[in-house]
Amino acid sequence: MRVLIVDDLDSNRLLLSDMVSGFGYQCLSVDDGESAIAAMPIFQPDIVLLDVLMPGRNGLDTAPILKDLAAGVHLPIIFITALDDQQTLINCLAAGGDDFISKPFASVVLEAKLRAHYRNRELNMSLAEKNKALAYHSSRVEREHQIVEHIFQNSLARNYLDYPNLHTYLSPMSMFNGDVLLAAPGPLGNMYIFLGDFTGHGLSAAVGALPISQTFFRMADEGAAVGDMVREMNRRLHELLPTDMFLAGLLLEISASGERVTYWNGGIPPAQLIRGNGKVSTALAPDHLALGIMSDSEFDSRVASLRVEHDDSLLLYTDGLIELPTAKGWLGIAGLQDILTQVTNMGELSQLVRQRLRHKPQRDDVSMAWLRCKPTGLQRDSRPVDLSPLGFEATFELQAAELKSVNPVNRIVSTLANIEGLGAYKSQIFIVLQEIYNNAVEHGILHLDSSLKQSSEGFEAYYQLYQQRLEALQDGWVRMKLQFQPKQRRLCIEVTDSGQGFCPIRSATAALDADTADTEYGRGLNLVRELSSHLSWRDNGRTVRCEMPLQRIDRRGD
Amino acid sequence: MTLSTEYSNDGKQFIIHVKGKFDFGLVQQFRQSYGDLNASTDSVVVDFRETEYIDSCALGMLLNMRKSLGAGDKPIHLVNCRPEIRNILEIARFDKLFHID
């Protein structure tokens, strides 16, 4: 303990410094206010014994300056005073004094006072230390939050919450939201929406959102099925999360037509279906346990589906919404449905929710998504793709042994799909090639009769017979010639077989009559005809030539 | 496995997924898949999201399924078709017999 003694009387200074040194404390004696102020930074006293009446700057003027110089830590000041008039005592306290000591100085009392005041100072110092540490920690946490927030924003950069038919409302209780709302378009013009609610809120809850969003966006790109997507989400969370943490989640997929909603709901309150006529009903019920609880083998990924109309809307929300406080307790599903009959869009709904929140503090995150069930308008671009400028010609000849063991169509199509621009047309190329090749094999080589296919039993019998005859095949060949003509944007296919030839006219006519789609044969040929610009036979039907334009063909009726 | 099936959560819908190629290689497997439907099943969904190719034989299989399920008694939905596949289904006029989505 360091004690600064300030007194203009030599006798007082001597007496006090003797006593203080005698207690084993360091001391410094000065004889006026100015010297005391000058000594502050050098001596750094823990306690000041300060005389009231001194020439020059007196004790009452000096005390506040000394306090200011104490660097934010409590500096006890004990006034030395012979006076016992009350006004001086009051002035001393007003000037920042903490205590008094008066002559004659009693050694025991002085020591007790010094100790008591030093204890206060020590307490105050440790508090100041802790405050400093706290300030350091809170600035560190803030910095870390900023980093995590940055990572979050990046991981959610793809989140398609601007999808025009989706309106969202999120009100996080803390900087990080325990709720997750993700939206992404699929490759088929379909749209995926995921609403999740982690146990707890804040940073720990938000951390789980990273793997979930990664899985969601990756699988949405692949156009994965809802069941497969939730299975993968569950697997990842089960792996990562501690057992007491899980994610209630609702994943839905709305088809490109906006008419079909496929969903899986584990622990999210049921959505509300708002019909065009204003009727509100509960839909998308939570049939499953939340994500992250069950192991993959126990997990139930079965989905359900709902047919919706074009003026319907679905409101998805986390339980924070129905747990909003009201005069009678909380909102509840009935209360929400009541509100929904009064509002027609998210703007009105969120305004009502905000009004309710103003009255009572929010207890949980509230997230809502209002989805209008309309055609998504996200259908892939159908402009023709750029084709490789290099044309080519290729011929494949298959003898009996190869006809039995090799499916050339698969191989040819997967090779062609690797050529720049052709991949976009692979389904079209496949079906044309497959039909023409199959015609050659089934009719030219194996002499199968399509009329057999007219009944369901015959259909299977036909393919059994096909297998049998193929296995027994001794002779025969099929030659396929492909010409890729990028300038004309077309692929020409010519297939010749070693058979007797056949009369295609009969099948073709049958196909054209088959507008009811119920005729069991000739369908293949009809498809080829629709997908090609030119189809012809020569060589008594042994050779068929088809020119296929490489463009997306307009659908019938469009 | 290129063909997989599941029931919807409420058991009312039977869902068939065909992965990759939907062609004559699946004739038997496809027929067997719907041969023993639950009594509670009221509709069938064929999910084409992973179907890259179909041929006329697949169209025949779908028609056979329709016939076997009572030609319209249980609606059949053909869902998540790629544009090209949808195109093929529509050329075949399947939109008259199935719900194509």
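- As recorded in an unreviewed UniProt entry, chain B goes by Anti-sigma factor antagonist and comes from Aliidiomarina maris.

- Named according to an unreviewed UniProt entry, chain A is Histidine kinase-like protein originating from Aliidiomarina maris.

**So, the sheet that holds strand β17 (residues 366–372) of chain A**
All names here are of chain A.
Working step 1: Strands sit in the order β6-β17-β14-β11-β12 across an open sheet of 5 strands; the sheet is antiparallel. Bordering the open sheet on either side are β6 (166–171) and β12 (280–283), each of which pairs with just one other strand. On average, each strand axis in the sheet is inclined to that of its neighbour by 20°, with strand direction left out of account.
Working step 2: Inspection of the sheet shows strand β11 (residues 271–274) paired to β12 by 4 bridges, in the antiparallel sense. Bridging from a neighbouring strand, Ile274 pairs with Val280 of β12.

**Notes on the nonpolar core**
Working step 1: Core analysis: the largest hydrophobic core is formed by 79 residues, its most contacted members being B:Phe22, B:Leu62, B:Met65, B:Leu78, B:Leu89 and B:Phe94.
Working step 2: Setting aside anything within four residues of it in sequence, one finds B:Leu62 in contact with B:Phe22, B:Phe30, B:Val46, B:Phe48, B:Leu78, B:Leu89, B:Phe94 and B:Phe98.
Working step 3: Among the nonpolar cores identified, the runner-up in size contains 32 residues, and A:Tyr192, A:Ala205, A:Leu241 and A:Leu251 belong to it.

**Topic: the interface of chain B and chain A**
Working step 1: The interface of chain B with chain A comprises 45 residues on the first partner and 56 residues on the second.
Working step 2: With both chains or domains summed, chain B and chain A bury close to 4500 Å², and 51% of this area falls on carbon and sulfur atoms.
Working step 3: Applying the counting criterion to the chain B and chain A interface returns 3 salt bridges.
Working step 4: The partner of A:Glu460 in a salt bridge is B:Arg31, with the nearest N and O atoms 2.1 Å apart.
Working step 5: On inspection of chain B and its partner chain A, the count reaches 16 residue pairs in polar contact (both at pLDDT 80 or more).
Working step 6: Looking at the side of chain B that touches chain A, the elements with two or more residues in it are β2 (13–18), α1 (27–33), β5 (51–54), α2 (56–68), β6 (76–79) and α3 (83–91) of chain B.
Working step 7: Tallied by class, residues from the side of chain B that touches chain A come to 20 nonpolar, 11 polar and 14 charged.

**Looking at the pattern of salt bridges**
Working step 1: As enumerated under the stated definition, the model contains 28 salt bridges over all chains in all.
Working step 2: Across the pair B:Lys21 and B:Asp23 runs a salt bridge whose closest N-O atoms are separated by 3.3 Å.
Working step 3: For B:Lys21, a relative accessible area of 23% gives the class partly exposed.
Working step 4: Several salt bridges share partner residues, and in doing so they unite A:Arg218, A:Glu222, A:Glu232, A:Arg235 and A:Glu239 into one network.

**Details of the UniProt feature "modified residue: 4-aspartylphosphate" (unreviewed entry) in chain A**
Working step 1: Here the UniProt feature "modified residue: 4-aspartylphosphate" (unreviewed entry) sits at A:Asp51.
Working step 2: Each residue touching A:Asp51, except ones within four places of it in the same chain, is listed here: A:Val6, A:Asp7, A:Asp8, A:Gly59, A:Phe79 and A:Ile80.

**Things to note about unusual backbone geometry**
Residues and elements named next belong to chain A.
Working step 1: Here the amide bond leading from Lys103 into Pro104 is cis, since omega sits at -5°, within 30 degrees of zero.
Working step 2: In this structure, Pro104 sits in the loop between β5 (99–101) and α5 (107–155).
Working step 3: Despite not being glycine, Leu284 shows a phi value in the positive range, around 55°.
Working step 4: Within the secondary structure, Leu284 sits in the loop between β12 and β13 (304–307).
Working step 5: Backbone geometry places Asn540, a non-glycine residue, at a positive phi of 60°.

**Observations concerning the packing of aromatic side chains**
Working step 1: With the rule as written, the count across this model stands at 16 aromatic pairs over all chains.
Working step 2: For the ring pair B:Tyr7 and B:Phe14, a centre distance of 5.1 Å and an interplane angle of 55° mean the geometry is tilted.
Working step 3: Look at B:Phe30 and B:Tyr34: their rings are 5.7 Å apart centre to centre, the planes differ by 75°, and that puts the pair in the edge-to-face class. Accessibility classification places B:Phe30 together with B:Tyr34 in one group, the buried group.
Working step 4: Through successive ring pairs, a cluster of aromatic residues spans A:Phe459, A:Tyr462, A:Tyr463, A:Tyr466 and B:Phe24.

**Re the state of the cysteines**
Working step 1: All told, the structure shown has 0 disulfides over all chains when counted by the stated rule.
Working step 2: B:Cys81 supplies the cysteine sulfur nearest to B:Cys57, a cysteine that is in no disulfide, at a spacing of 17 Å.

**Structural notes on the packing of helix α15 (residues 456–472) of chain A against α2(B)**
Working step 1: Look at α15(A) against α2(B): their axes get within 10 Å of each other, and the N-to-C directions meet at 145°. Considering only the axes of α15(A) and α2(B), their crossing is left-handed. Between α15(A), through A:Ser456, A:Phe459 and A:Tyr463, and α2(B), the contact on the second element is made entirely by B:Cys57, B:Gly60, B:Met61, B:Asn64 and B:Lys67.
Working step 2: Classifying every residue of the contact of α15(A) with α2(B) gives 4 nonpolar, 3 polar and 1 charged.

**Things to note about the pairing of β11(A)**
Working step 1: Where burial is concerned, the two faces of β11(A) agree: the one with A:Ala271 and A:Leu273 and the one with A:Gln272 and A:Ile274 are both buried.
Working step 2: Where β11(A) folds back on β12(A), the antiparallel hairpin that results is connected by 5 residues, among which A:Gly278 adopts a positive phi of roughly 95°.

**Examining the environment of B:Ser33**
Residue and element names in this part refer to chain B.
Working step 1: Within the secondary structure, Ser33 is located in helix α1.
Working step 2: When its relative accessible area of 16% is taken as the criterion, Ser33 is described as buried.
Working step 3: For the pair Ser33 and Ser4, spaced 29 residues apart in the sequence, the C-alpha separation amounts to 8.3 Å.
Working step 4: A polar atom in the side chain of Ser33 sits 2.7 Å from the backbone oxygen of Phe30.

**A word on the side chain of A:Gln434**
Working step 1: Structurally, A:Gln434 can be placed in helix α14 (residues 426–445).
Working step 2: Of note is the side chain of A:Gln434, whose polar atom sits 2.9 Å from the side chain of B:Asp55.
Working step 3: If we ignore the near neighbours within four places in the chain, the residues touching A:Gln434 are A:Asn407, A:Val409, B:Asp23, B:Phe24 and B:Asp55.

**A look at the sheet that holds strand β1 (residues 2–6) of chain A**
Residue and element names in this part refer to chain A.
Working step 1: Taken in spatial order, the 5 strands line up as β2-β1-β3-β4-β5 in an open sheet, and their pairing is parallel. Here the strands that pair on one side only, and so sit at the sheet edges, are β2 (26–30) and β5. Strand-to-strand twist across the sheet, computed as the mean angle between neighbouring axes with direction ignored, equals 20°.
Working step 2: With 3 bridges connecting them, strand β4 (residues 77–80) and β5 associate as parallel partners. Directly across from Phe79, in β5, lies its bridge partner Phe100.

**What about the confidence of the model for chain A?**
Residue and element names in this part refer to chain A.
Working step 1: On average, residues of chain A carry a pLDDT of 85, and 91% of them reach 70 or more.
Working step 2: The weakest mean pLDDT in chain A belongs to helix α16 (residues 504–513) at 46; the strongest belongs to β1 at 95.
Working step 3: Confidence over residues 506–518 falls short of pLDDT 50; this stretch has 21 contacts with residues more than four positions distant or in other chains.

**Some thoughts on the pairing of β2(B)**
All names here are of chain B.
Working step 1: With 6 of 6 residues buried, β2 is to be regarded as a mostly interior element.
Working step 2: Side-chain alternation along β2 places Gln13, Ile15 and His17 on one buried face and Phe14, Ile16 and Val18 on a second face that is also buried.
Working step 3: Note: strand β1 (residues 3–7) against β2, 5 bridges, orientation antiparallel. Across the sheet, Leu3 pairs through a bridge with Val18, a residue of β2.
Working step 4: Connecting β1 to the next strand, β2, in antiparallel fashion are 5 residues, including Gly11 with a positive phi near 75°.
Working step 5: Both β2 and strand β4 (residues 43–47) contribute to a ladder of 5 bridges, which runs parallel. Its bridge partner lying in β4, His17 is registered against Asp47.

Conventions we followed
Residues numbered from 1 in each chain as written. Chains lettered and ligands numbered in written order. Predicted model: local features only at pLDDT ≥ 70, side-chain atom pairs only at ≥ 80, totals over all residues. Heavy atoms only, no water. Pairing = 2+ DSSP bridges. Helix = DSSP H or I, 4+ residues; strand = E, 2+ residues; numbered from the N terminus. Axes fitted to C-alpha atoms, helices over the stretch in contact; angles between N-to-C directions. Core = buried A, V, L, I, M, F, W, Y, C linked by side-chain atoms within 4.5 Å. Buried < 20%, exposed > 50% of the residue type's maximum accessible area, 1.4 Å probe, protein only. Contact = heavy atoms within 4.5 Å. Buried area = accessible area lost by both parts, 1.4 Å probe. Salt bridge = Lys/Arg side-chain N within 4 Å of Asp/Glu carboxyl O. Polar contact = N/O pair within 3.5 Å; in protein donor to acceptor, adjacent residues only side chain to side chain. Nonpolar A, V, L, I, M, F, W, Y, C, P; charged D, E, K, R; others polar. UniProt positions renumbered as here; feature names shortened; annotations may be inferred. Phe/Tyr/Trp six-rings, centres within 6.5 Å; stacked < 30°, edge-to-face > 60°. Disulfide = S-S within 2.5 Å. Left-handed = near helix turned anticlockwise from the far one by under 90°. pLDDT = per-residue confidence, 0-100.

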